[in-house]
Amino acid sequence: MSERRVVFLERQMYRRHRLVDAIRILPFLGLILWMLPLTWEREGPSTISTSSATVYIFLVWFVLILLAAISAALLGRGRDRTAASEGQRPEEH
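The structure reproduced in this document is the subject of the present report. (Residues numbered from 1 in each chain as written. Predicted model: local features only at pLDDT ≥ 70, side-chain atom pairs only at ≥ 80, totals over all residues. Heavy atoms only, no water.)

Here the focus is the overall build of the protein chain. Helix and strand counts for the protein chain stand at two helices and zero strands. Look at the contacts in the protein chain between residues 6 or more apart in sequence, and 56% of them connect residues 24 or more apart. Approximately 8,400 Å² of the protein chain is accessible, and the part contributed by carbon and sulfur atoms is 63%. (Helix = DSSP H or I, 4+ residues; strand = E, 2+ residues; numbered from the N terminus. Contact = heavy atoms within 4.5 Å. Areas by Shrake-Rupley, 256 points an atom, 1.4 Å probe, with all protein chains shown as cover.)

So, in structure tokens, the structure goes:
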């Protein structure tokens, strides 16, 4: 019989993995949000103007950039803490 090995990740490493997973989802989220105006009505009483759709596209773009910057900062801060706890200097790029 083979023994089952229990995989245990520290809380900090687990959160780092989930953050990387969230970063990987951002492009797909952006694609879905950018394609959403294609489903909006083009004629009728509830028509959304082209200027409103353009504002929406740029707003989504700005939010995606903001989320990427925040997640990159969190990811870098986590790497610095990990290196400090191991007694190493964080890598500089």
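Next comes the rest of the description.
Attention shifts here to the packing of aromatic side chains. Ring pairs (aromatic) are described by centroid distance and by the angle formed between their planes. Applying the stated criterion across every chain yields a total of two aromatic pairs. Relative to tryptophan 61, the ring of phenylalanine 58 has its centre 5.6 Å away and its plane inclined at 55°; by these criteria the two rings are tilted. One end of the pair is phenylalanine 58 and the other is tryptophan 61, both in helix α2 (residues 50-85) and three residues apart, which spans about a single turn. Owing to a relative accessible area of 42%, tryptophan 61 belongs among the partly exposed residues under this scheme. A cation over an aromatic ring shows up here: arginine 18 above the ring of tyrosine 14, its NZ or CZ 4.9 Å from the ring centre. (Phe/Tyr/Trp six-rings, centres within 6.5 Å; stacked < 30°, edge-to-face > 60°. Buried < 20%, exposed > 50% of the residue type's maximum accessible area, 1.4 Å probe, protein only. Lys NZ or Arg CZ within 6 Å of the ring centre and 35° of its normal.)

A side chain of one charge can pair with a side chain of the opposite charge when the charged atoms of the two come close. Under the criterion given, the structure shown has two salt bridges. In this structure, the salt-bridge partner of arginine 18 is aspartate 21, at a minimum N-O distance of 2.6 Å. You can see arginine 18 and its partner aspartate 21 sitting in helix α1 (residues 11-35), three residues apart, about one turn around the helix. Overall, arginine 18 belongs to the partly exposed group, its relative accessible area being 40%. Judged by relative accessible area, which is 29%, aspartate 21 ranks as partly exposed. (Salt bridge = Lys/Arg side-chain N within 4 Å of Asp/Glu carboxyl O.)

Let us look at the environment of valine 60. Checked against the element boundaries, valine 60 lands in helix α2. Here the alpha-carbon distance between valine 60 and glycine 30, two residues 30 residues apart in the chain, equals 7.2 Å. Ignoring sequence-local partners within four residues, the contact set of valine 60 consists of Leu33 and Trp34.

The end-to-end C-alpha separation of α1 is 36 Å, in line with the 36 Å expected for 25 residues at 1.5 Å each. The sharpest bend along α1 measures roughly 35° and falls at leucine 26, with the proline proline 27 sitting one to four residues further on. The complete set of buried residues in α1 reads Leu19, Leu26 and Gly30. (Expected span 1.5 Å × (residues − 1). Bend = angle between axes of the 7 residues up to and from the residue.)

Attention shifts here to the side chain of serine 71. Position of serine 71 relative to the elements: it lies in helix α2. In this structure the side chain of serine 71 is engaged in a polar contact, spanning 2.9 Å, whose partner is the backbone oxygen of leucine 67. Beyond its immediate sequence surroundings of up to four residues, serine 71 is in contact with Leu19, Ile23 and Leu26. (Polar contact = N/O pair within 3.5 Å; in protein donor to acceptor, adjacent residues only side chain to side chain.)

Coordinates in, geometry out; function isn't part of it.
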